[in-house]
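The chain contents come next:
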Amino acid sequence: MTLQPEIMRKHLQSILGQTQDDAMALPGAFYTDPDWVALEQDELFTRHWICCGRAEEIPKPGDYFTFEAAEEPLLIMRGDDGNPRALANVCRHRGTTLVEKERGQTRRLVCPYHHWSYDTSGKLLFAPGIEESGKFRAEECRLPALPMVEWMGFLFVSISDSPPDLPSLLAPLTRRIQNYHIEEMRLRFVENEVWDTNWKCLFENFMEGYHLSPLHRSTLHKVNPSRLCRHFPPGELHLGYSVGFTSRVDKTQAGHPDLDEDERNTCVMFAVPPGLVVGIGSDYSSFLSLQPDGAERVKVKMGLYFFGDDWSSPSVDEAVQLFKDTMAEDKSVLLRVQKGLRSRHYQPGPLAPRDLEGTCHDLHQFIARHMASPAE
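Cut-off values and rules
Residues numbered from 1 in each chain as written. Predicted model: local features only at pLDDT ≥ 70, side-chain atom pairs only at ≥ 80, totals over all residues. Heavy atoms only, no water. 1 Å grid on protein atoms, 1.4 Å probe; cavity = no way out; pocket = protein on both sides within 12 Å on 5 of 7 lines; lining within 4 Å. Points joined across faces, edges and corners; volume = space filled by probe spheres on them. Helix = DSSP H or I, 4+ residues; strand = E, 2+ residues; numbered from the N terminus. Nonpolar A, V, L, I, M, F, W, Y, C, P; charged D, E, K, R; others polar. Pairing = 2+ DSSP bridges. Axes fitted to C-alpha atoms, helices over the stretch in contact; angles between N-to-C directions. Contact = heavy atoms within 4.5 Å. Expected span 1.5 Å × (residues − 1). Buried < 20%, exposed > 50% of the residue type's maximum accessible area, 1.4 Å probe, protein only. Arc of directions from axis to C-beta. Core = buried A, V, L, I, M, F, W, Y, C linked by side-chain atoms within 4.5 Å. Phe/Tyr/Trp six-rings, centres within 6.5 Å; stacked < 30°, edge-to-face > 60°. Lys NZ or Arg CZ within 6 Å of the ring centre and 35° of its normal. Salt bridge = Lys/Arg side-chain N within 4 Å of Asp/Glu carboxyl O.

(A) Looking closely at the layout of surface pockets. The computed volume of the largest pocket comes to approximately 820 Å³. Surrounding the largest pocket, 33 residues form its lining, Leu220, Val223, Asn224, Tyr284 and Leu322 being those nearest its centre. Where the lining of the largest pocket is concerned, the elements lending two or more residues are α6 (199–206), β14 (238–244), β15 (266–272), β17 (284–292) and α9 (313–341). By residue class, the composition of the lining of the largest pocket is 18 nonpolar, 12 polar and 3 charged.

This is the structure in structure tokens:
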């Protein structure tokens with residue numbers, strides 16, 4: 001390992017507790033140094049909660065989707081008991097990944113190599129030709145189950161054996177967004193992509209309102225312009241801002257009856273670092289689940305979920321197209337950001353006022369709290 005990460009820790013120490021008025025963008029090495037992203041993987045992504053998707057992706061027992069969390073192959077599956085689980089997608093015999101298909105339905109997991117099989121809870125059912133011995137007891141053999149929490153319809157998994165108490169830490173955020181009832185929304189679009197940019201670039205981009213009007217002039221600016229952005233105080237495990245709409249939303253048009261007029265006319269942008277970013281509207285919402293894929297690539301699981309059943313296919317298609325157009329605009333500029341961050345001439349500039357880039361400052365403070373000193 002180079003000395004660079006130690007210099008970067010000292011930089012985090014220098015900004016820890018810094019106010020927004022003094023906040024600057026991070027130096028380029030935070031986005032380009034492979035040793036640093038390896039530390040982020042170990043000290044952020046393997047110690048906190050990673051959003052793997054939505055509960056409605058696995059509505060019935062036997063439904064599953066595959067997912068990699070901090071480079072660990074997992075199987076997110078609803079068991080015969082109705083509970084969602086995160087099972088290690090690795091056979092207990094010689095390590096073969098059990099399932100490669102992105103999603104599906106099965107009541108028995110069969111290893112393609114030697115046909116060891118497991119039930120939906122991960123219990124070993126059959127190991128052909130293997131006799132029990134002092135070192136092997138079939139009834140004791142099962143796929144490891146990782147910690148999993150369902151919160152507001154999102155499924156979170158942790159690589160750590162002792163992750164933080166997610167529901168308790170997110171209680172202030174839950175109170176802020178509870179009237180939107182996103183746990184009742186249903187996923188109607190999901191895709192997986194890899195972008196050629198650092199994970200923090202995409203996190204910051206999704207979570208700041210400064211760029212809404214200049215970059216998304218023909219898309220989001222017409223609906224949620226930068227001038228209507230309002231930052232709200234971060235918590236230990238969440239950060240965010242809200243942005244109003246340019247035209248009022250009638251109560252009969254969209255959203256849960258619990259929403260008041262202000263909530264119905266506000267989009268809440270929140271994040272659960274290190275990897276989940278979400279935009280909530282009264283009618284439908286979007287999310288990205290981010291994980292580093294090296295220093296200058298990010299794995300993205302993205303989706304749109306909708307409130308109510310009265311959505312025609314053309315209406316869903318229109319929402320998906322707006323989302324794709326917006327993401328394409330983001331992607332094109334983030335490729336240029338990543339290129340610039342590698343330049344020896346890049347110098348961090350000041351962050352915009354709190355309502356516009358306060359969330360970038362909040363993310364940097366989250367990273368500083370957890371990485372300014374070496375992990376124990």
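(B) Main features of the sheet that holds strand β18 (residues 298–306). Here 7 strands make up an open sheet; going across it, the order is β12-β18-β17-β16-β15-β14-β13 and the pairing antiparallel. At either end of the open sheet lies a strand with only one pairing partner, and these are β12 (186–195) and β13 (229–235). Strand-to-strand, the axes of this sheet are offset by a mean angle of 15°, without reference to chain direction. Most of the contacts of α6 go to β17, to which it runs at about 160°, and overall it touches β12, β14, β15, β16 (276–280), β17 and β18. Contacting β13 and β14, helix α10 (residues 354–371) runs over the sheet at an angle of about 20° to β13.

(C) Region of the structure containing the environment of Tyr284. With respect to the helices and strands, Tyr284 occurs in strand β17. With residues up to four places along the chain from it excluded, the contact list for Tyr284 reads Leu304, Tyr305, Phe306, Trp311, Ala319 and Leu322.

(D) Quick look at helix α1 (residues 4–15). A rise of 1.5 Å per residue sets the reference length of α1, with its 12 residues, at 16 Å; its end C-alpha atoms lie 17 Å apart and thus fit the reference within 8%. Taken as a whole, α1 has its buried residues at Pro5, Met8, Arg9, Leu12 and Ile15. Burial along α1 is one-sided: seen end-on, the buried residues are contained in an arc of 125°. Structural note: α1 exposes Ile7, Lys10 and Ser14 on the side pointing more than 90 degrees away from its buried face. Looking at the buried positions of α1, the neighbouring elements they touch are α2 (29–32), α3 (34–45) and α10. Immediately downstream of α1, the backbone of Gly17 shows phi near 85°, a positive value.

(E) Region of the structure containing the pairing of strand β1 (residues 50–54). With 5 of 5 residues buried, β1 is to be regarded as a mostly interior element. With 4 bridges connecting them, β1 and strand β11 (residues 154–157) associate as antiparallel partners. Bridging across to β11, Arg54 finds its partner in Phe154.

(F) Seen up close, the nonpolar core. Counting 93 residues, the largest nonpolar core has Ile76, Phe154, Ile177 and Leu288 as the members making the most contacts within it. Examining the composition of this core, we find that 7 residues originate from one element, α9, more than from any other. Among all residues touching Phe154, those that are not within four sequence positions of it are Cys51, Gly53, Arg54, Val149, Ile182, Leu276, Val278, Phe287 and Tyr305. In terms of nonpolar packing, the next biggest core, distinct from the first, is built from 16 residues, Tyr64, Cys111, Tyr118 and Cys141 among them.

(G) How the structure looks around the environment of Leu304. If you trace the backbone, Leu304 turns up in strand β18. What makes Leu304 buried here is its relative accessible area of 0%. Along the backbone, Leu304 and Glu191 are 113 residues apart, and their C-alpha atoms lie at a distance of 9.6 Å. Leave out the neighbours within four places in its chain, and Leu304 touches Arg186, Leu187, Arg188, Phe189, Tyr284, Ser285, Ser286, Ala319, Val320 and Phe323.

(H) Up close: unusual backbone geometry. Residue Pro274 is bonded to the preceding Pro273 through a cis peptide linkage, with omega at 15°. Tracing the backbone through its elements, the reader meets Pro274 in the loop between β15 and β16. Positive phi is not limited to glycine here, since Met152 has a value of about 55°. Turning to its location among the elements, Met152 is positioned in the loop between β10 (148–151) and β11.

(I) How the structure looks around the packing of aromatic side chains. Scanning all chains against the criterion turns up 13 aromatic pairs. Between Phe30 and Trp36, the aromatic rings sit 5.2 Å apart at their centres with planes inclined by 80°, giving edge-to-face as the arrangement. For the pair shown, Phe30 and Trp36 are each scored as buried. Ring centres of Phe154 and Tyr305 lie 5.7 Å apart, and the angle between their planes is 90°; on these two criteria the pair is classed as edge-to-face. Taken together, the residues Phe154 in strand β11 and Tyr305 in strand β18 connect sequence positions 151 residues apart. Each member of the pair, Phe154 as well as Tyr305, carries the same accessibility label: buried. Each residue in the set Phe45, Trp199 and Phe203 is aromatic and connected to the rest through ring pairs, giving one cluster. Sitting above the plane of the Tyr31 ring, Lys200 keeps its charged end 5.1 Å from the centroid.

(J) Geometry of the pairing of β10. With 4 bridges joining them, β10 and β11 adopt antiparallel strand pairing. Opposite Glu150, over in β11, you have Leu155 as the bridge partner. Hairpin connection, β10 to β11: the antiparallel pair is bridged by 2 residues, and Met152 has positive phi, about 55°.

(K) Broad picture of the pattern of salt bridges. Overall, the coordinates contain 14 salt bridges when judged by the stated rule. Between Glu40 and Lys200 there is a salt bridge; the shortest N-O distance is 2.8 Å. Linking Glu40 in helix α3 with Lys200 in helix α6, this pair joins segments that are 160 residues apart in sequence. We note that Glu40, like Lys200, is buried. We note a salt bridge from Asp196 to Arg297, for which the minimum N-O separation is 3.5 Å. Within this pair, whereas Asp196 is found in the loop between β12 and α6, its partner Arg297 is found in the loop between β17 and β18, the two being separated by 101 residues in sequence. Take Arg297: its relative accessible area is 36%, and that puts it in the partly exposed class. Taken together, the shared-partner salt bridges in this structure form one network comprising Glu6, Arg9 and Glu43.

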